[in-house]
Amino acid sequence: MYSAAAQREQDILALWDRAAGRARRQRDDALLTAAGAAATDSIGAGNAALLSLRTRLFGASWRLRAVCPICHTDCEFTADSAVLADGLAPPVDATPPRVAISGSELTLRLPALSDLAGLAAASDSATAARLLLARCLGEASPITFDQDALDRIEAELERCDPGAVVAFTLDCPDCGHTWQAVIDIAPALWAEVQAAAERSLLEVDALAREYGWSEAEVLALPHARRAAYLQLVGAS
Ligand SMILES: [Zn+2]
């Protein structure tokens, strides 16, 4: 029987086993599956599920960083992933996205997580956005849109699934520039999972070498005792 902290560590290592060394898309899928998201969920619902998983594994306080687009200073800030997840809950307004273009009204399908799988081969984000749009337009996609139309479609999709893009208003401490930093939830969560898993493996390695304990034995140690042994062997 594991303590809550030990159980979280087991979950992090299990997630790392499933996703380490995989391509970005498969890694995202592994995280979304662990978060309990379904392929039919909206991208915002997927983000909310990832954030809830993050809160369960690491607590609500979330240290993030973004680079100032003007002076390139690395800005660190803290978010609350539990509060953030609540804010991304699927919108009550379930009407499909609609945009009036050239006098006719266009109805789109809201992108779902399953749509992202088809974008893995896209060479850049502009191509990915075009492919995603084509999927969401379905049969009504022969039209080539000008930038104004694309902007309005994007704004409408964002209105219908506001949780699809998670952004923070930041002030650069160095040059004072204010900007919207977009955080990609899955890669940010993966970076945390990877760092935590690697820390666990290093601790297992240090104690296994010193005391001859198995991985399971090291992982089963209460955290305070593990930290004490790590200090004794000079590994922390
Ligand atoms: Zn700056």
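Placed above this text is the structure.
Residues numbered from 1 in each chain as written. Predicted model: local features only at pLDDT ≥ 70, side-chain atom pairs only at ≥ 80, totals over all residues. Heavy atoms only, no water.

Turning next to a negative patch on the surface. Taken together, the side chains of Asp146, Asp151, Glu154 and Glu158 make up a negatively charged region of the molecular surface. For aspartate 146, the position within the fold is in the loop between α6 (125–137) and α7 (147–160). (Patch = residues over 30% accessible without salt bridge, like charges linked within 9 Å, V, L, I, M, F, W, Y side chains within 5 Å. Areas by Shrake-Rupley, 256 points an atom, 1.4 Å probe, with all protein chains shown as cover. Salt bridge = Lys/Arg side-chain N within 4 Å of Asp/Glu carboxyl O. Lys, Arg positive; Asp, Glu negative; His and termini not counted. Charge placed at Lys NZ, Arg CZ, Asp CG, Glu CD. Helix = DSSP H or I, 4+ residues; strand = E, 2+ residues; numbered from the N terminus.)

The next subject is the pattern of salt bridges. This model, assessed by the stated rule, comprises 17 salt bridges. Between aspartate 28 and arginine 24 there is a salt bridge, with its nearest N and O atoms 3.0 Å apart. Here the residue aspartate 28 and the residue arginine 24 both occupy positions in helix α2 (residues 24–34), the gap between them amounting to four residues, near one helical turn. Using a relative accessible area of 42% as the deciding quantity, one classes arginine 24 as partly exposed. In the salt-bridge network here, residues are joined through shared partners; they are Arg24, Arg25, Asp28, Asp29 and Asp184. (Buried < 20%, exposed > 50% of the residue type's maximum accessible area, 1.4 Å probe, protein only.)

For the zinc ion, every protein donor is listed as Cys68 (SG), Cys71 (SG), Cys172 (SG) and Cys175 (SG), and the spread of their distances is 2.3 Å. Coordination at the zinc ion comes from four donor atoms whose angles at the metal span 103 to 114 degrees, giving a geometry best classed as tetrahedral. The sequence motif formed by the donor residues of the zinc ion is C-x2-C-x100-C-x2-C. A residue is classified by how much of its surface remains accessible, and cysteine 172, at 4% relative accessible area, is buried. (Donors = N, O, S within 2.8 Å, 3.2 Å for Na, K, Ca; no water. Tetrahedral: all angles 85-135°; square planar, octahedral: opposite > 155°, others 65-115°.)

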